[in-house]
Amino acid sequence: DWAMRLDPGNAEFVFRRGLALSRMPRRGHESEEYFVKAIQMAPKKMEYYLELGSFYTRSGLKVKALSVLQDALTHDPNSELIKQAIQKAG
């Protein structure tokens, strides 16, 4: 929270906030908002897409996971990590 207050335009801080929330059992649902915001701020960071896709997969939202991962694949069509994540989700 504090880092985001100091530098609200830093996509890495927003992403890390979402990552922390995704690991908390009662607050995991809040992480989606931060992952999406981080992707909007830095659309070339594949790690953000992978984590959001993984979050959706763990939540049983396979259609959303595949949609996010396909979007990531348009930014980096040669990414083996994204291709593996798509296979895992689908």
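Scroll up for the structure.
Conventions we followed
Residues numbered from 1 in each chain as written. Predicted model: local features only at pLDDT ≥ 70, side-chain atom pairs only at ≥ 80, totals over all residues. Heavy atoms only, no water. Salt bridge = Lys/Arg side-chain N within 4 Å of Asp/Glu carboxyl O. Helix = DSSP H or I, 4+ residues; strand = E, 2+ residues; numbered from the N terminus. Buried < 20%, exposed > 50% of the residue type's maximum accessible area, 1.4 Å probe, protein only. Contact = heavy atoms within 4.5 Å.

**Student:** What am I meant to see in the pattern of salt bridges here?
**Tutor:** Any two side chains of opposite charge can pair, given that their charged atoms come close. Applying the stated criterion across every chain yields a total of 6 salt bridges. As a salt-bridge pair, R16 and E12 come within 2.8 Å of each other at their nearest N and O atoms. Residue R16 and its partner E12 are located together in helix α2 (residues 11-22), separated by 4 residues, close to a single helical turn. In this structure E12 comes out as partly exposed when scored by relative accessible area, which is 24%. Of the charged contacts in the structure, one is a salt bridge between E47 and R16, with a shortest N-O distance of 3.9 Å. Taken together, the residues span a long stretch of sequence, with E47 in helix α4 (residues 46-58) and R16 in helix α2 at a distance of 31 residues. Residue class for R16 comes out partly exposed when judged on its relative accessible area of 42%. Taken together, the shared-partner salt bridges connect E12, R16 and E47 into one network.

**Student:** Help me understand the environment of A89, please; the structure alone is not making it clear to me.
**Tutor:** Note that A89 resides in helix α6 (residues 80-89). The buried category is assigned to A89, whose relative accessible area is 2%. Along the backbone, A89 and K62 are 27 residues apart, and their C-alpha atoms lie at a distance of 6.0 Å. With residues near it in sequence (within four places) discarded, A89 still touches T57, K62, A65, L66 and L69.

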